[in-house]
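Understanding the architecture of this molecule
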Amino acid sequence: MAVTVHHVCFHLTSFHPVRTRLPTRPNSRKFHAKSVRCDGSIETQRVTVKNGNDSLEICRVLNGMWQTSGGWGRIDRDDAVEAMLRYADAGLSTFDMADHYFFHWEMAELLNCSFSQFKFNPIEIETKRGTQVQKLSSRPIQCVLTEDSRTVVVMNGKDSLDICRVVNGMWQTSDGPAEDLYGIFINRVRRERPPEFLEKVKGLTKWVPPPVKMTSNYVRESINVSRKRMDVAALDMLQFHWWDYSNPGYLDALKHLTDLKEEGKIKTVALTNFDTERLQIILENEIPVVSNQVQHSIVDMRPQQKMAELCQLTGVKLITYGTVMGGLLSEKFLDTNIAIPFSAPPLNTPSLQKYKRMVDAWGGWGLFQTLLQTLKTIATKHGVSIPTVAVKYILDQPAVAGSMVGVRLGLSEHINDCNAVFSLVLDEDDVNSIQEVTKKGKDLLRVIGDCGDEYRRA
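Residues numbered from 1 in each chain as written. Predicted model: local features only at pLDDT ≥ 70, side-chain atom pairs only at ≥ 80, totals over all residues. Heavy atoms only, no water.

**Considering the packing of aromatic side chains**
A full pass over the atoms with the stated rule returns 12 aromatic pairs. Where Y245 meets Y250, the ring centres are 6.4 Å apart and the plane angle is 70°; that geometry is what we call edge-to-face. Seen from their ring centres, W365 and F368 are 5.2 Å apart, and the 40° between their planes marks the pair as tilted. Remark: F368 and W365 occur in helix 10 (residues 364-382); sequence separation between them is 3 residues, near one turn of the helix. When sorted by exposure, W365 lands in the same class as F368, which is buried. Through a chain of ring-to-ring contacts, three or more aromatic side chains come together here, namely W207, Y218, F240, W242, Y245, Y250 and F274. (Phe/Tyr/Trp six-rings, centres within 6.5 Å; stacked < 30°, edge-to-face > 60°. Helix = DSSP H or I, 4+ residues; strand = E, 2+ residues; numbered from the N terminus. Buried < 20%, exposed > 50% of the residue type's maximum accessible area, 1.4 Å probe, protein only.)

**Some details on the packing of helix 3 (residues 178-192) against helix 5 (residues 216-230)**
Look at helix 3 against helix 5: their axes get within 7 Å of each other, and the N-to-C directions meet at 45°. One way to sum up the angle between helix 3 and helix 5 is to call them oblique. Across the interface between the two elements, E179, D180, Y182, G183 and I186 from helix 3 touch S226, R229 and M230 from helix 5. Classifying every residue of the contact of helix 3 with helix 5 gives 3 nonpolar, 2 polar and 3 charged. (Axes fitted to C-alpha atoms, helices over the stretch in contact; angles between N-to-C directions. Parallel < 35°, antiparallel > 145°, perpendicular 65-115°, else oblique. Contact = heavy atoms within 4.5 Å. Nonpolar A, V, L, I, M, F, W, Y, C, P; charged D, E, K, R; others polar.)

**Re the environment of L347**
By the secondary structure assignment, L347 is in the loop between strand 16 (317-321) and helix 9 (350-362). Sequence-wise, L347 and G326 are 21 residues apart; in three dimensions their C-alpha atoms are separated by 9.8 Å. Contact partners of L347, with chain neighbours within four places excluded, come to L328, F333, L352, Q353 and K356.

**As for the sheet that holds strand 13 (residues 235-240)**
Spatially, 8 strands are ordered 4-5-12-13-14-15-16-17 in a closed barrel, and the strand pairing comes out parallel. Neighbour to neighbour, the strand axes of the sheet diverge by 30° on average, direction disregarded. When strand 4 (residues 61-64) meets strand 5 (residues 94-96), the two strands line up parallel, connected through 2 bridges. Within strand 5, the residue paired with G64 across the bridge is D96. (Pairing = 2+ DSSP bridges.)

**What to know about the pattern of salt bridges**
Scanning all chains against the criterion turns up 28 salt bridges. Across the pair D78 and R77 runs a salt bridge whose closest N-O atoms are separated by 3.5 Å. (Salt bridge = Lys/Arg side-chain N within 4 Å of Asp/Glu carboxyl O.)

**Some remarks on the side chain of D54**
Along the chain, D54 turns up in strand 3 (residues 54-59). Accessibility expressed as a relative area gives 12% for D54, which makes it buried. Of the polar contacts made by the side chain of D54, one reaches the side chain of K261; its length is 3.0 Å. Sequence-distant contacts of D54, that is, excluding residues within four places in its chain, are made with V49, K261, K267, T268 and P288. (Polar contact = N/O pair within 3.5 Å; in protein donor to acceptor, adjacent residues only side chain to side chain.)

**As for unusual backbone geometry**
With a phi close to 55°, D231 is a non-glycine residue in the positive phi region. With respect to the helices, strands and loops of the structure, D231 is situated in the loop between helix 5 and strand 13. In this structure D231 comes out as partly exposed when scored by relative accessible area, which is 36%. Backbone geometry at F342 places phi at a positive 65°, although glycine is not the residue there.

**Some words on the pairing of strand 13**
With 6 of 6 residues buried, strand 13 is to be regarded as a mostly interior element. Viewed along the sheet, the connection from strand 12 (residues 202-207) through helix 5 into strand 13 turns out right-handed. The pairing of strand 13 with strand 14 (residues 266-272) spans 5 bridges and is classified as parallel. Across the sheet, Q239 pairs through a bridge with A270, a residue of strand 14. Chirality of the crossover, the property in question, places the unit of strand 13, helix 6 (residues 249-262) and strand 14 among those that are right-handed. (Right-handed = clockwise from strand over helix to strand, strands pointing away.)

**Quick notes on the packing of helix 7 (residues 276-284) against helix 8 (residues 307-314)**
Describing two packed helices takes the angle between their axes plus the distance from one axis to the other. In the contact formed by helix 7 and helix 8, the axes pass within 9 Å of each other and the chain directions differ by 20°. In terms of axis orientation, helix 7 runs roughly parallel to helix 8. Viewed along their axes, helix 7 and helix 8 form a crossing whose handedness is left-handed. The residues of helix 8 that touch helix 7, namely those facing T276, L279, Q280 and L283, are M307, L310, C311 and T314. Partitioned by chemical class, the residues of the contact of helix 7 with helix 8 number 5 nonpolar, 3 polar and no charged. (Left-handed = near helix turned anticlockwise from the far one by under 90°.)

**Regarding the nonpolar core**
By size, the foremost hydrophobic cluster in this structure holds 120 residues, and its most contacted members are Y182, F185, F240, L257 and F368. In terms of residue count, the dominant contributor to this core is helix 10 (8 residues). Not counting residues up to four positions away in its chain, the partners in contact with Y182 are M84, F95, M97, V201, K202, G203, M230, V232 and D236. (Core = buried A, V, L, I, M, F, W, Y, C linked by side-chain atoms within 4.5 Å.)

All quantities given are derived from atomic positions and should not be read as evidence of function.
The following block contains the structure:
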């Protein structure tokens, strides 16, 4: 996989607003420090993110529901809702949906693979036509690479088609089930739990639009879909993502989302996978975002190198995902060698495969094993698990309001590990031992780029 190296020098003392030609809203202003606040100490279980009059109280360990999309095993609807109730009853009452994402991060890797020309050999195929069985000899089917290796001609006899070698699969554009599950779940809560319990339950969802013109009606209709599926009058938090920064339509979309917030359709507006430069531009355009959801783990500390400084200046908070790296940061992968067949658990979920690539970019499996051994020593010292230590370490980082842990609803649970985070205190020796390992890894900000760049740069 080819990577782009970016040298970044960013210090709070030398921070200056980015000059941009992107359109701004009327009366655009430069933002001031602490325009957004996050109340609550790092030791508390819940935290309130604020921007002006907008506020939302969330649990600091969020239940990530990307895992309900099917790639982690079949989810039974009734079992999933029962599991959501158990999490909420245990105090883990903030749920994060990712129904509207589809997967782009494979494309850059695929485009840089070196594939040789290949042919399918003739074979005999038996087919049934009514009661007759025919044997058909297939003709050679060829796949011929073009000079730039980005397109390919598939041929069978005189029939041919020139296509891009990376095909945009549209299966992922169908919405996942998380918002529907939340709608069923929240109605169970309304019927079976007291009103004060309902107040603590929060559903955070996302909107990832295609690059079309962001009109008021288009944005409104899209948000109404989520409101209907989640069966709520107002979305607790709408986290917005935009794929292509060269298209400034994201500012139009955010303006319309802000209007919907003023109408009471959305309680808080937030971002997901935006970089530091665009976050600054958005704030300068007076879009009242309260948080930015980004990938952040002990391996991937990019948010602390650039994004966190802007967040500390403005008060915007980070909600992190990938904090346990899909389960790689756990006892399950301790003392394993994935290079030897069947000697390690299979990387059989989208998240395990994704974060294994992060391990490769950071320092490889050997260094990762050293990190796991260090985390295991700390976990044993405190009587907790490796994932608990991994989550607590990130929650203690500047600007982090909450960290997400994926839930495989009805298949497995980690309620105890999550709740153990709130009583865990990492001491100076713990932190130093972790940093002694991580400093041996590569700087992913240089390797990959800023937050979210892994989805945008080939």
